[in-house]
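# Survey of secondary and tertiary structure
Chain residues, written in single-letter form:
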Amino acid sequence: MTQLGLPDTIQACLFDLDGVVTRTAVVHAAAWKETFDAFLRDYPGEQGRPFDTSADYDEYVDGRPRADGVRSFLASRGIRLPEGDPGDPPDARTVHGLGNRKNELLLEKIRTGGVEAYEGTLRYLEAVRAAGLRTAIVSSSANCRDVLRSVGAEHFFDVRIDGVVAAERKLPGKPRPDTFLAAARDLGVEASRAAVFEDALAGMDAGRAGGFGYVVGVDRAGQTDALYAHGADTVVKDLAELGGKQ
């Protein structure tokens, strides 16, 4: 293992955004809860049970593209909605309408509360770059570039594969590995020589399915065992634990 805590075959590092680079996972969870709880008020019994920002968030929406998260969670309650259109207003009772409502709430929460980066991750990124490894940000968020700019972290990444790029290239989101594989290709590195850094179970699944050389689970929510079960090679609470001090 290198001083970065990675196999010496690794030439590139692929980082998720929310929960790995920035403290935005909790903001996403809150926006999902507000969105789904308002929607579920019309449903009786178990179908209408409030959204759980731990269990439901981790299992059905964390790391997934927005529309996929809506479909996945509603399916868990036996609810189906019309797909609608990506341009649907946020009050439309469609998959895209609910997703747009969530995004509207998320941006409002980011504007009012701001975004913070994990200092341990920023220090690790500095060490990765100093060691000559190539880097990519891989996120399902369509707001990825704005969030990176808000914390002054855009310069850490050679490649960005986010919700905007994925839509342009028609790449399926996590738990499929396609966005991570696209990042590795754009960096000119084989998947077997790239490491994935993720906090979401869907991201672990993507790392395992893509045949990546090393998968690092970042446990921000007390789910170490689940991260290992979904394919992590190692799990840390902060990337500073991997080393990389200069």
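Model, not experiment: these values are computed from the prediction.

Under the defined criterion, the tally for this structure stands at ten aromatic pairs. Measuring from ring centre to ring centre gives 5.0 Å for Phe51 and Phe73, while their planes differ by 80°; the resulting arrangement is edge-to-face. Of this pair, Phe51 sits in the loop between helix 1 (25-40) and helix 2 (55-61) while Phe73 sits in helix 3 (residues 66-76), and the two are 22 residues apart along the sequence. Just as Phe51 is buried, Phe73 falls in that class too. Among the aromatic side chains, those forming a connected cluster through ring pairs are Trp32, Phe36, Phe51, Tyr60 and Phe73. Sitting over the face of the ring of Tyr118, Arg220 holds its NZ or CZ atom 3.4 Å from the ring centroid.

If you look at the biggest cluster of nonpolar residues, it comprises 37 residues, and the most contacted ones within it are Leu6, Phe15, Tyr124, Phe197 and Leu239. A total of five residues in this core trace back to one element, the largest contributor, which is helix 5 (residues 119-130). Each residue touching Tyr124, except ones within four places of it in the same chain, is listed here: Leu4, Leu6, Phe15, Phe197, Leu239, Leu242 and Gly243. Among the nonpolar cores identified, the runner-up in size contains 20 residues, and Leu14, Val138, Val196 and Ala206 belong to it.

Criteria and thresholds
Residues numbered from 1 in each chain as written. Predicted model: local features only at pLDDT ≥ 70, side-chain atom pairs only at ≥ 80, totals over all residues. Heavy atoms only, no water. Phe/Tyr/Trp six-rings, centres within 6.5 Å; stacked < 30°, edge-to-face > 60°. Helix = DSSP H or I, 4+ residues; strand = E, 2+ residues; numbered from the N terminus. Buried < 20%, exposed > 50% of the residue type's maximum accessible area, 1.4 Å probe, protein only. Lys NZ or Arg CZ within 6 Å of the ring centre and 35° of its normal. Core = buried A, V, L, I, M, F, W, Y, C linked by side-chain atoms within 4.5 Å. Contact = heavy atoms within 4.5 Å.

Coordinates in, geometry out; function isn't part of it.
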